[in-house]
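# Summary of the model geometry
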Amino acid sequence: MSENLSALSFRKSADKNLFERMVEAAEKSGTAAQPETVRALGEESLFGDAITLGAVSFYDFLKMENAGKKVFVCNGSACLVAGTQGKLHDALGRHFDEKEIGHICCLGRCHQGGAFQHDGQNFSGQSDAALDALFSQSSRASSERGPTSASADQPALSRDAATEDRYAVVSHLQPAQLTAPFPGLAEYYEPFRALLTKDRDWLSGELKDSGLRGRGGAGFPLHFKWSSCRASAGAVKYIVCNADEGDPGAYIDKYLMEQRPHSVLLGMMVAGWFAGAEIGVLYIRAEYPDSLRIVNAAIAELRAAGLLGKNIAGSGFNFDLKTIKGAGAYICGEETALLASIEGQRPEVRVRPPFPTVEGLYRKPTIVNNVETFSNLHAVLTLGGAGYAKIGTAQSTGPKLLSLDSHFA
């Protein structure tokens, strides 16, 4: 049955995928589980009511219980252990009815505590006085806009009102990898432009020499995974970035997407060129609204520079990127559940084999890696595979980012 659903979803393609339609349907009321919405989505996709309801009812931000929620208190373990959330809930209660206060999993503000999301923005470490000022401003903005003009593109709160997400970033590598300042689009993408003039077998050798392993947890050799997708038969292939990092205390992906977004995008473009894919999808969790905004801006920069689209740099390589906003489901951090989610199916883990490099998104050959893995490709291109392998250890080459959220010597 799931294979048939994948085929039906493929008709709409990644550009008009069913899952995004579900998320859009929930934006006004907070849920996509109303009978009329489920029926409309089921008819449009040919999934039917039961399968569609089974999918939307799985997600925190699509299910019926989310209707009417206006502010979401982080229930990640770091915030709970910090002891800030009870006081925060009481403070929010001065501005919202209890039924308007919901919960949300880790916002990646583990270093500050007191984290919450409102109107598509994240906040943390706010004093009671700052909260009162924040929501007084929100009330004024809502009144000025009127009851029907609010949208995701016009948040009620000014970004200037939010406490910035600040944390120290320290590198023990010289020159720094992953944390180096961005030199500008032209310089940063010069290794990619040079790659387009080379043979794919050349990159295959460099990847093998690098010893790069996936940073998503399993540590799977990247060369083996990418080569498997490249060798798989099929005219349509996909590159998917798993940006559904949801482990409390871990905000590595968040840092890269918000402060080094082009490192992620370049890695996906390299994967697309190597495997013969033309579409790259970043599945970014809804708990990271800043990541979505910043990555989308970076994608727009690439399009304006002629580095995305048809015949990139006259190479004959066609490739484009898009983001998909998650809807609150921790299981989507597992790659096959994430692929099922994009297809509009209930995000449940699929039996393997076949692996995604053979049957992935829409049952087409797909490379799935996480944010940090893709971010390592720039270093492989600039240092060469052997140079990259000199960093780290023999069994785990290359740089590694760590999140430290307490007192460490």
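In this text, all values refer to a predicted model and were calculated from it rather than measured experimentally.

## Overview of the sheet that holds strand β6 (residues 279-284)
Here we have four strands laid out as an open sheet, ordered β7-β6-β5-β8, and parallel in their pairing. Each having just a single partner strand, β7 (320-325) and β8 (366-370) make up the two edges of the open sheet. Each neighbouring strand pair of the sheet contributes to a mean axis angle of 20°, computed without reference to strand direction. Relative to β7, β6 runs parallel, the two sharing six bridges. By the bridge assignment, Ile 279 is partnered in β7 with Asp 320. Against the sheet, helix α14 (residues 289-304) engages β6 and β7, with an angle of about 165° to β7.

## Notes on empty space enclosed by the protein
Tallied over the full model, the rule gives two cavities of 30 Å³ or more. The computed volume of the largest cavity comes to approximately 80 Å³. Asp 60, Cys 105, Asp 244, Gly 246, Arg 285, Glu 287, Gly 328, Ala 329 and Tyr 330 together form the lining of the largest cavity. Its residues assigned to classes, the lining of the largest cavity comprises three nonpolar, two polar and four charged.

## Some points on the packing of helix α10 (residues 200-210) against helix α11 (residues 222-231)
Taken N-terminus to C-terminus, the directions of α10 and α11 make an angle of 155°; their axes are 8 Å apart at the nearest point. For the element pair α10 / α11, the angle class is roughly antiparallel. Viewed along their axes, α10 and α11 form a crossing whose handedness is left-handed. Where α10 abuts α11, its residues Arg 200, Asp 201, Ser 204, Leu 207 and Lys 208 lie against Leu 222, His 223, Trp 226, Ser 227 and Arg 230. Across the contact of α10 with α11, the residue classes tally to three nonpolar, three polar and four charged.

## Re the environment of Ile 391
Following the sequence through the fold, Ile 391 ends up in the segment after α17 (377-389). Given the relative accessible area of 15%, Ile 391 is considered buried. Between the C-alpha atoms of Ile 391 and Ser 210, which are 181 residues apart in sequence, the distance is 9.5 Å.

Reading the values: the criteria
Residues numbered from 1 in each chain as written. Predicted model: local features only at pLDDT ≥ 70, side-chain atom pairs only at ≥ 80, totals over all residues. Heavy atoms only, no water. Pairing = 2+ DSSP bridges. Helix = DSSP H or I, 4+ residues; strand = E, 2+ residues; numbered from the N terminus. Axes fitted to C-alpha atoms, helices over the stretch in contact; angles between N-to-C directions. Contact = heavy atoms within 4.5 Å. 1 Å grid on protein atoms, 1.4 Å probe; cavity = no way out; pocket = protein on both sides within 12 Å on 5 of 7 lines; lining within 4 Å. Points joined across faces, edges and corners; volume = space filled by probe spheres on them. Nonpolar A, V, L, I, M, F, W, Y, C, P; charged D, E, K, R; others polar. Parallel < 35°, antiparallel > 145°, perpendicular 65-115°, else oblique. Left-handed = near helix turned anticlockwise from the far one by under 90°. Buried < 20%, exposed > 50% of the residue type's maximum accessible area, 1.4 Å probe, protein only.

Nothing here speaks to function; it is geometry throughout.
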